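Below, each chain spelled out in residue letters.
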Amino acid sequence: MSPLVQLAAEEAENPLIPPIPELVIGLIAFVIVFGFLAKKLLPNINKVLEERREAIEGGIEKAEAAQTEAQSVLEQYKAQLAEARHEAARLRQEAQEQGATLIAEMRAEGQRQREEIVAAGHAQIEADRKAASSALRQDVGKLATDLAGKLVGESLEDHARQSRVIDRFLGELEEKAEATR
């Protein structure tokens, strides 16, 4: 055998190069499978991927909307909290003012009542002093008249005379008391 024939025979039997009819059948089978995948399977895969992408984007949009709403609610809460604190401070200030006013009114009322009590006490003391002075005058006058009657030896039962003597005697006592002061 000639080397050329032998080389051709070896080439024909090379395991790395498939025979031509198998190559054609494989190529046709590949085109059929690829065509089937492109016509049937690929649209379904694209449809599922598109649905998944839309679901993810919708989820992201919903999450962003929820986050925006949460931020809005948080701002409202902060505003309400600030308003409540302001209202509490206002009420506290108002209560302090009312308390101060009430304390001032109660002090004024207490002062007025104290002054009334003191005035009533002074009036009572003055009335008691006058009553005691009058009773003392009568008692001193009676004693002085009895004593003068015993000293003089005659009765000083005359009421007008008795009043004049008592008044003169007490007047002298008062003048002496004022002079010693």
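Residues numbered from 1 in each chain as written. Predicted model: local features only at pLDDT ≥ 70, side-chain atom pairs only at ≥ 80, totals over all residues. Heavy atoms only, no water.

(A) Structural view of the overall build of the protein. When you go through the protein residue by residue, the secondary structure sums to three helices and zero strands. Ordering the α and β elements of the protein from the N terminus gives α-α-α. In the protein, which comprises 181 residues, the proportion classed as buried is 5%. For the protein, the accessible surface area stands at approximately 15900 Å², while carbon and sulfur atoms represent 62% of it. (Helix = DSSP H or I, 4+ residues; strand = E, 2+ residues; numbered from the N terminus. Buried < 20%, exposed > 50% of the residue type's maximum accessible area, 1.4 Å probe, protein only. Areas by Shrake-Rupley, 256 points an atom, 1.4 Å probe, with all protein chains shown as cover.)

(B) How the structure looks around the packing of aromatic side chains. Throughout the structure, instances matching the rule amount to one aromatic pair. With centroids separated by 6.1 Å and ring planes inclined at 20°, the aromatic side chains of Phe30 and Phe34 adopt a geometry described as stacked. With Phe30 and Phe34 both in helix H2 (residues 20-152), this residue pair falls four residues apart, about one helical turn. For the pair shown, Phe30 and Phe34 are each scored as exposed. (Phe/Tyr/Trp six-rings, centres within 6.5 Å; stacked < 30°, edge-to-face > 60°.)

(C) Representation of the pattern of salt bridges in the model. Under the criterion given, the structure shown has seven salt bridges. Notably, a salt bridge pairs Arg53 with Glu57, separated by 2.6 Å at the nearest N-O pair. Within this pair, Arg53 and its partner Glu57 are both found in helix H2, separated by four residues, close to a single helical turn. You can call Arg53 partly exposed: its relative accessible area is 37%. With its nearest N and O atoms 3.0 Å apart, the salt bridge here joins Arg90 to Glu94. In this pair, Arg90 and Glu94 are both assigned in helix H2, four residues apart and thus about one turn of the helix distant. Its relative accessible area of 33% is what places Glu94 among the partly exposed residues. Sharing partners across several salt bridges, the network here consists of Glu50, Arg53 and Glu57. (Salt bridge = Lys/Arg side-chain N within 4 Å of Asp/Glu carboxyl O.)

(D) Structural context of a nonpolar patch on the surface. A cluster of nonpolar side chains, Val33, Phe36, Leu37, Leu41, Leu42, Ile45 and Leu49, forms an exposed patch at the surface whose accessible area comes to about 620 Å². Tracing the backbone shows Leu49 in helix H2. (Patch = residues over 30% accessible without salt bridge, like charges linked within 9 Å, V, L, I, M, F, W, Y side chains within 5 Å.)

(E) Expanded view of the confidence of the model for the protein. Overall, the prediction assigns the protein a mean pLDDT of 83, with 83% of residues at 70 or greater. Predicted confidence in the protein is weakest over helix H1 (residues 3-12), with a mean pLDDT of 57, and strongest over H2, with 88. (pLDDT = per-residue confidence, 0-100.)

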